[in-house]
Amino acid sequence: MYNPLKSPARFPLLFLITAFVFVACHRDDFTPKPRGYFRIALPEKNYRLLDSIYPYKFEFPEYAIITPDAQALKETNWINIDFKSFRGKVHMSYKKIENPGNLNIYAEDARTLALKHIPKASSIEQQLISYPEHKVYGLIYNIRGLGAASPYQFYVTDSVHHFVRGALYFDAVPNSDSLMPVIDFVKKDIDHLVQTLEWK
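All of these numbers come straight from a predicted model, not from anything done at the bench. (Residues numbered from 1 in each chain as written. Predicted model: local features only at pLDDT ≥ 70, side-chain atom pairs only at ≥ 80, totals over all residues. Heavy atoms only, no water.)

Enquirer: What am I meant to see in empty space enclosed by the protein here?
Expert: Over the atoms rolls a probe the size of a water molecule, and in doing so it shows where empty space is left. If you walk through the whole model with that rule in mind, you get 1 cavity of 30 Å³ or more. Counted as a void, the largest cavity has a volume near 40 Å³. When contributions to the lining of the largest cavity are tallied by element, the ones reaching two or more residues are β2 (56–61), β4 (79–83) and α3 (176–196). A total of 3 residues in the lining of the largest cavity trace back to one element, the largest contributor, which is α3. Across the lining of the largest cavity, the residue classes break down as 7 nonpolar, no polar and 1 charged. (1 Å grid on protein atoms, 1.4 Å probe; cavity = no way out; pocket = protein on both sides within 12 Å on 5 of 7 lines; lining within 4 Å. Points joined across faces, edges and corners; volume = space filled by probe spheres on them. Helix = DSSP H or I, 4+ residues; strand = E, 2+ residues; numbered from the N terminus. Nonpolar A, V, L, I, M, F, W, Y, C, P; charged D, E, K, R; others polar.)

Structure follows, in structure tokens:
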């Protein structure tokens, strides 16, 4: 009895069947899935008051801790607000305004430090801060862009005695796509800090 699989033509036949299977299974409508990121669990927002030895006071989140700035130990009023669960930190520096000319110098320094992110930023939006009841005035720099090291910076002053600058940083490779939920979450905490800030 004739068996096609034992004939000399079996190799071309197997090749044709295999090729038919690959061609039949090919789909032209394949669409790659977008890159996904791990879901980040965000805590409930609760605040407590920082009212200590510093010449300012404000409310900060319960899930953050206040530490002295280890890089500037001589500046006793410089602090960090550590968001350890997010690997984020707000660096806050304080300057006493000794004479009216210093205010312009400090404000220009804050502007220069924010604009250093221009090469990596897609945009830098400025937002005025004005809380006359607490004598708190200043600017927020909202820095957008995939490679920007600091997505949010600000400075506030009473225009006479006090000047505070803050900058948000993460101990991670700058990628605003994956960090965006955390950035937006911490931005609200910084806004709350500024809204509740008072001078002593």
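Once the structure has been displayed, the description carries forward.
Enquirer: Mind showing me how you'd approach the packing of aromatic side chains here?
Expert: Two measures describe an aromatic ring pair: the distance that separates the ring centres and the angle between the ring planes. The full count for this structure, using the stated rule, is 8 aromatic pairs. Geometrically, the ring pair formed by Tyr63 and Phe185 is tilted, given 5.6 Å between the ring centres and 35° between the ring planes. Highlighted residues: Tyr63 in the loop between β2 and β3 (65–68) and Phe185 in helix α3, separated in sequence by 122 residues. When sorted by exposure, Tyr63 lands in the same class as Phe185, which is buried. Measuring from centroid to centroid gives 5.3 Å for Tyr155 and Phe163, while their planes differ by 20°, and the two rings are stacked. The exposure class assigned to Phe163 is buried, which follows from its relative accessible area of 4%. Put simply, the rings of Tyr54, Tyr56, Phe58 and Tyr94 touch in pairs and so form one group of aromatic residues. A cation sits over an aromatic face here: Lys45 above Phe185, 3.4 Å from the ring centre. (Phe/Tyr/Trp six-rings, centres within 6.5 Å; stacked < 30°, edge-to-face > 60°. Buried < 20%, exposed > 50% of the residue type's maximum accessible area, 1.4 Å probe, protein only. Lys NZ or Arg CZ within 6 Å of the ring centre and 35° of its normal.)

Enquirer: Help me out: how do you make sense of the sheet that holds strand β5 (residues 88–96) in this one?
Expert: Strands pair in a sheet through their backbones, by hydrogen bonds, and they do so in one of two ways: parallel or antiparallel. Taken in spatial order, the 7 strands line up as β3-β4-β5-β9-β8-β7-β6 in an open sheet, and their pairing is antiparallel. The sheet is open, and its two borders are formed by β3 and β6 (123–131), each paired with just one other strand. When the angles between neighbouring strand axes are averaged without regard to direction, this sheet yields 20°. Sheet topology note: the strand β7 (residues 136–144)/strand β8 (residues 152–157) ladder contains 6 bridges and is antiparallel. (Pairing = 2+ DSSP bridges. Axes fitted to C-alpha atoms, helices over the stretch in contact; angles between N-to-C directions.)

Enquirer: Quick question: what am I supposed to make of the side chain of Arg165 here?
Expert: Looking at the secondary structure, you find Arg165 in strand β9 (residues 162–170). In this structure the side chain of Arg165 is engaged in a polar contact, spanning 2.8 Å, whose partner is the side chain of Gln153. Arg165 has contacts with His91, Met92, Ser93, Ala110, Leu113, Gln153, Phe154 and Tyr155, leaving out every residue within four places of it along the chain. (Polar contact = N/O pair within 3.5 Å; in protein donor to acceptor, adjacent residues only side chain to side chain. Contact = heavy atoms within 4.5 Å.)

Enquirer: Can you walk me through the sheet that holds β2 in this structure?
Expert: Reading across the sheet, the 3 strands line up as β1-β2-β10 and stay open at both edges, with antiparallel pairing between neighbours. The open sheet terminates on both sides in strands that have one partner only, identified here as β1 (47–50) and β10 (198–199). With 2 bridges connecting them, β2 and β10 associate as antiparallel partners. Bridge assignment links Lys57 to a residue of β10, and that residue is Glu198.

Enquirer: Just to check I follow, could you spell out unusual backbone geometry for this structure?
Expert: With glycine set apart, most residues show a phi of negative sign, and most peptide bonds adopt trans. The backbone phi angle of Lys135 is positive, close to 55°, even though this residue is not glycine. In this fold, Lys135 is placed in the loop between β6 and β7. Judged by relative accessible area, which is 54%, Lys135 ranks as exposed. Despite not being glycine, Ser159 shows a phi value in the positive range, around 75°. Looking at where Ser159 falls in the secondary structure, it is placed in the loop between β8 and β9.

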